[in-house]
Amino acid sequence: MNTDKTEIRSIGAKEAQIKALIARAQAFDCGKVEYRHRRSYGEDVIELVYAEDISKRLSEDVLRIFAEGLEESIYALDGTPLPAQLVWLLKLRDKKISVAESFTGGGIARKLTSISGASEVYFEGLNTYSELSKMKRLGVSEYTLKTFGAVSEQTAYEMAAGLMATGDCDICITTTGIAGPNSDRSGLPVGLCYIAVGTAERVYVYRYKFDGTREEITETAINYALFLAYKQLKNM
């Protein structure tokens with residue numbers, strides 16, 4: 001039995017989009033491909049399992065359907081997990097990364113440092129959970145926290161700007177949000193979060209509203225944060 005296969009990994013695609021691409025591929029593959037799809041914490045893993053007698057051209061055409069349809073959300077076509085892919089790219093670019101986390105509680109750091117060789121590219125991780133910590137460790141202004149709140153675009157921006165200002169990293173990730181199950185005194189909705197990716201040139205801030213349990217929200221945010229850093233690093 002032939003076990004040749006391709007494993008596509010992506011972050012942030014809509015489930016309906018994945019199903020539509022599988023249906024499109026099935027209409028084209030002459031029954032030569034089996035599709036296995038699993039979805040977890042915002043990540044989609046699609047396995048294409050090829051029949052023994054499939055032609056190289058047909059397998060490449062089927063893969064192209066997914067590669068083009070998921071272009072903005074794909075990070076691997078060889079099954080490499082996201083943290084490993086990011087560490088590999090950091091090594092390739094000869095860059096250092098630091099992270100400062102609030103509501104993700106060190107989850108990004110845990111994922112990165114689980115990869116062998118991460119010490120070559122990982123400078124530091126800060127768990128700046130409280131407002132005071134954000135001010136003392138990252139230079140977030142009291143005005144920003146009082147005016148816009150800890151969970152805001154402005155705070156995420158200043159967290160990243162403060163981390164980049166140390167000069168010890170080439171790219172950074174920061175997170176702030178509300179994991180639930182209840183909101184805080186701000187009254188903002190559970191699942192709201194801001195993820196910032198900083199470089200020497202610019203800080204990019206992304207706003208999301210994730211659904212689910214506390215674990216689902218934080219793990220999804222971790223995946224998105226790693227993916228956003230990966231995408232930015234590709235352009236550096």
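The structure this text deals with has already been given above.
Anyway, here's the lowdown on the structure attached to this text. (Residues numbered from 1 in each chain as written. Predicted model: local features only at pLDDT ≥ 70, side-chain atom pairs only at ≥ 80, totals over all residues. Heavy atoms only, no water.)

**So, the overall build of the protein**
Counting its regular elements, the protein contains eight helices and nine strands. Summarising its shape, the C-alpha atoms of the protein cover approximately 65 × 40 × 25 Å along the three principal directions. Counting across all 236 residues of the protein, residues that qualify as buried make up 50%. Considering only intrachain contacts with a sequence separation of at least 6, the fraction spanning at least 24 residues in the protein is 65%. Carbon and sulfur atoms provide 47% of the accessible area of the protein, an area that totals close to 11700 Å². Looking at the protein, you have 29 positive and 32 negative side-chain charges, and the mean spots of the two groups are 2 Å apart. (Helix = DSSP H or I, 4+ residues; strand = E, 2+ residues; numbered from the N terminus. Buried < 20%, exposed > 50% of the residue type's maximum accessible area, 1.4 Å probe, protein only. Contact = heavy atoms within 4.5 Å. Areas by Shrake-Rupley, 256 points an atom, 1.4 Å probe, with all protein chains shown as cover. Lys, Arg positive; Asp, Glu negative; His and termini not counted. Charge placed at Lys NZ, Arg CZ, Asp CG, Glu CD.)

**Section: the side chain of Thr-6**
Assignment of secondary structure puts Thr-6 in strand β1 (residues 5-11). Residues in contact with Thr-6, not counting those within four places in the same chain, are Ile-46, Glu-47, Leu-48, Tyr-50, Leu-63 and Leu-77.

**Some thoughts on the packing of helix α3 (residues 82-93) against helix α8 (residues 214-234)**
As a packed pair, α3 and α8 sit with axes 10 Å apart at the nearest point and diverge in direction by 25 degrees. Viewed along their axes, α3 and α8 adopt a mutual orientation that is roughly parallel. The two elements α3 and α8 cross, and the hand of that crossing is left-handed. On α8, the residues touching Leu-82, Pro-83, Gln-85, Leu-86, Leu-89, Leu-90 and Arg-93 of α3 are Asn-223, Leu-226, Phe-227, Ala-229, Tyr-230, Leu-233 and Lys-234. Class assignment of the residues belonging to the contact of α3 with α8 gives a composition of 10 nonpolar, two polar and two charged. (Axes fitted to C-alpha atoms, helices over the stretch in contact; angles between N-to-C directions. Parallel < 35°, antiparallel > 145°, perpendicular 65-115°, else oblique. Left-handed = near helix turned anticlockwise from the far one by under 90°. Nonpolar A, V, L, I, M, F, W, Y, C, P; charged D, E, K, R; others polar.)

**Focus on the nonpolar core**
The biggest cluster of nonpolar side chains holds 36 residues, and the ones touching the most others in it are Leu-86, Ile-97, Ile-108, Leu-112 and Ile-173. Those elements giving two or more residues to this core turn out to be β4 (74-76), α3, β5 (97-101), α4 (107-113), β7 (171-177), β8 (192-199) and α8. For this core, the element with the most residues is α8, which contributes 11 residues. Apart from residues no more than four positions distant in its own chain, Ile-173 is found in contact with Ile-97, Ser-98, Val-99, Ala-100, Ile-108, Leu-163, Ile-195, Ala-196, Ala-225, Leu-226 and Ala-229. (Core = buried A, V, L, I, M, F, W, Y, C linked by side-chain atoms within 4.5 Å.)

**Quick word on the sheet that holds β4**
Judged by pairing direction, the sheet is antiparallel, and its four strands sit side by side in the order β2-β3-β1-β4 without closing on themselves. Of all strands in the sheet, those bounded by a partner on one side alone are β2 (33-40) and β4. With strand direction ignored, the average angle separating the axes of adjacent strands in the sheet is 25 degrees. Pairing between β2 and strand β3 (residues 43-50): eight bridges, direction antiparallel. (Pairing = 2+ DSSP bridges.)

**Considerations on the packing of helix α1 (residues 15-26) against helix α2 (residues 56-69)**
Where α1 meets α2, the closest approach of the two axes is 9 Å, and the angle between their N-to-C directions is 155 degrees. In terms of orientation, α1 and α2 fall into the roughly antiparallel class. Crossing of α1 against α2: the hand is right-handed. Contact residues: Gln-17, Leu-21, Ile-22, Arg-24 and Ala-25 in α1; Val-62, Ile-65, Phe-66 and Gly-69 in α2. Residue classes in the contact of α1 with α2 are distributed as six nonpolar, two polar and one charged.

**Some words on the side chain of Gln-232**
Along the chain, Gln-232 turns up in helix α8. Those residues in contact with Gln-232, other than ones at most four positions away along the chain, are Ile-171, Val-197, Thr-199, Tyr-204 and Tyr-206.

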